[in-house]
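Listed below are the residues making up each chain.
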Amino acid sequence: QVQLVESGGGLVQAGGSLRVSCAASGLTFSTYYMGWFRQAPGTEREFVAAISGSGSYTCYGNSVKGRFTISRDNAKNTVYLQMNSLKPEDTATYYCAAARTLSKVRDGRAYDYWGQGTQVTVSS
């Protein structure tokens, strides 16, 4: 079955950097769009970034544009989210998701599979 496993979360000071990873198995990774979403307690899930199967297309949420970078390594079946200039408001559980086809890249309902999430905490 399809598994998405996030890793790399942790505690970082404001202004710092962190890279989270998502290892996928059970699917033909290079044919899937991959996305990152986040959710803080008491808030709605928020779109962070997405990348096409080849990596040629990327898309970012407005709150992270210019600070976060999504990338993928299809040989390793892994997608990454490099987070720079972190702010306390970036604190959330970060989830990766996979979609075979994608009509609404920012809509979590368009994704087929989800990971369990990794916690990112940014201290002020």
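What comes next concerns the included structure. (Residues numbered from 1 in each chain as written. Predicted model: local features only at pLDDT ≥ 70, side-chain atom pairs only at ≥ 80, totals over all residues. Heavy atoms only, no water.)

Using the criterion set out here, one finds one disulfide in the structure. Note on cysteine connectivity: Cys-22 is disulfide-linked to Cys-96, with sulfurs 2.0 Å apart. Torsion about the S-S bond of the Cys-22 and Cys-96 cystine: about 45°, corresponding to right-handed handedness. Placement of Cys-22 in strand β3 (residues 18–25) and of Cys-96 in strand β9 (residues 92–99) is noted, with a sequence separation of 74 residues between them. (Disulfide = S-S within 2.5 Å. Helix = DSSP H or I, 4+ residues; strand = E, 2+ residues; numbered from the N terminus.)

Across the six residues that make up strand β8 (residues 78–83), a large majority, five, are buried. Here β3 pairs with β8 via six bridges, running antiparallel. The partner of Leu-18 across the bridge, within β8, is Met-83. (Buried < 20%, exposed > 50% of the residue type's maximum accessible area, 1.4 Å probe, protein only. Pairing = 2+ DSSP bridges.)

An order of β1-β3-β8-β7 is seen for the four strands of this open sheet, with the pairing classed as antiparallel. The two strands at the open ends of the sheet, each matched to only one other strand, are β1 (3–7) and β7 (68–73). Averaged over all adjacent pairs, the angle separating strand axes in this sheet is 15°, with direction ignored. Inspection of the sheet shows β1 paired to β3 by five bridges, in the antiparallel sense. Looking at the pairing, Ser-7 lines up with Ser-21 of β3. (Axes fitted to C-alpha atoms, helices over the stretch in contact; angles between N-to-C directions.)

None of the figures reported here should be taken as evidence of function without further support.
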